[in-house]
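# Descriptive analysis of the structure
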Amino acid sequence: MQIVKYQFQQHGDNRGQLVSLEECVDIPFKIKRVYYMYDTAGGVSRGFHAHKTLEQILICIHGSCKILLDNGAEKKVVYLEKPYEGLYVPNNMWREMYDFSEDAVLMCLASEVYNESDYIRNYEEFLMFLEEQEKKA
Ligand code: T46
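Residues numbered from 1 in each chain as written. Predicted model: local features only at pLDDT ≥ 70, side-chain atom pairs only at ≥ 80, totals over all residues. Heavy atoms only, no water.

## Regarding the environment of methionine 37
Inspection of the secondary structure puts methionine 37 in strand E2 (residues 33-37). Classification of methionine 37 by relative accessible area gives buried; the value is 10%. Methionine 37 sits 71 residues away from cysteine 108 along the chain, and the two C-alpha atoms are 8.6 Å apart. Here methionine 37 is in contact with Arg46, Met97, Phe100, Ala104, Val105, Leu106 and Cys108, once residues within four sequence places are set aside. (Helix = DSSP H or I, 4+ residues; strand = E, 2+ residues; numbered from the N terminus. Buried < 20%, exposed > 50% of the residue type's maximum accessible area, 1.4 Å probe, protein only. Contact = heavy atoms within 4.5 Å.)

## Some remarks on the sheet that holds strand E6 (residues 75-80)
With respect to topology, five strands assemble into an open sheet ordered E6-E5-E8-E3-E10, the strand pairing being antiparallel. Both edges of this open sheet fall to E6 and strand E10 (119-120), since each of them pairs with a single strand only. Pairing of strand E3 (residues 46-51) with strand E8 (residues 94-98), which is carried by three bridges, proceeds in the antiparallel orientation. Residue pairing across strands places glycine 47 opposite glutamate 96, the latter belonging to E8. (Pairing = 2+ DSSP bridges.)

## Comments concerning the site of the ligand
The ligand sits among 13 residues. The nearest are Arg33, His51, Gln56, Arg95 and Tyr119. Arginine 33 places a side-chain nitrogen or oxygen 2.5 Å from an oxygen atom of the ligand. Within the side chain of histidine 49, one N or O atom sits 3.3 Å away from an oxygen atom of the ligand. Burial of the ligand by the surrounding chains reaches 68%, relative to a free accessible area of 660 Å². At a threshold of 2 Å from the grid points, most atoms of the ligand map onto the largest pocket. Listed by contribution, the elements that provide at least two residues to the shell around the ligand are E2, E3 and E8. Taken together, the residues of the shell around the ligand sort by class into five nonpolar, four polar and four charged. (Near = heavy atom within 4 Å. Polar contact = N/O pair within 3.5 Å; in protein donor to acceptor, adjacent residues only side chain to side chain. Areas by Shrake-Rupley, 256 points an atom, 1.4 Å probe, with all protein chains shown as cover. 1 Å grid on protein atoms, 1.4 Å probe; cavity = no way out; pocket = protein on both sides within 12 Å on 5 of 7 lines; lining within 4 Å. Sits in = over half its atoms within 2 Å of the grid points. Nonpolar A, V, L, I, M, F, W, Y, C, P; charged D, E, K, R; others polar.)

## With respect to the packing of aromatic side chains
Applying the stated criterion across every chain, the model contains six aromatic pairs. Between the aromatic rings of tyrosine 6 and phenylalanine 8, the centroid separation amounts to 6.2 Å while the plane-to-plane angle is 5°, which identifies the pairing as stacked. Aromatic pair tyrosine 114 and tyrosine 119: ring centres 5.8 Å apart, planes at 65°, arrangement edge-to-face. Members of the aromatic cluster, connected to one another through ring pairs, are Trp94, Tyr123 and Phe126. (Phe/Tyr/Trp six-rings, centres within 6.5 Å; stacked < 30°, edge-to-face > 60°.)

## Observations concerning the sheet that holds strand E4 (residues 56-62)
With antiparallel pairing, the five strands of this open sheet are ordered in space as E1-E7-E4-E9-E2. Looking at which strands have only one partner, the edges of the open sheet turn out to be strand E1 (5-7) and E2. The sheet shows a mean angle of 25° between the axes of neighbouring strands, taken without regard to direction. Judged from the five bridges that link them, E2 and strand E9 (residues 105-110) form a sheet pairing that is antiparallel. By the bridge assignment for E9, valine 34 is matched with leucine 109. (Axes fitted to C-alpha atoms, helices over the stretch in contact; angles between N-to-C directions.)

Here it is as structure tokens:
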């Protein structure tokens, strides 16, 4: 599994840093939605689902957290701790987020608006969905 982690350009000067993200330039899709999570309680894990079509970029703009990515055949853990790094999460990828630092703010740039029917929240269903996709290909 190839992990795609973007290093965004930082516009730094003696005032501090600034990162600018443009759709289809810095982000490889049109951004239809931005959401973020914070105040995540200690020991909490989130996610535990895949998306049928949605693509995302996850940016831990403050603090740190870990993201487990699972394509059904392989699992990888990515540590996010830099506000200028973005993890690309394609569709058909199971994800779990955990080990949030107390001050973590995890921001997500998404290619689609919120649509519960795009979620696969059961791991067995996820594996079956992948099999169906492979048969169709
Ligand atoms: C993902 C990971 C990284 C909305 O009403 N609108 C939204 O745009 C979102 C994202 C969520 N919600 C509601 C649905 C639930 O009642 O907020 C609640 C929490 O959502 P969920 O349990 O899906 O949150 P996570 O952290 O498990 O997953 C989220 C995203 O849903 C998901 O797409 O990839 O972050």
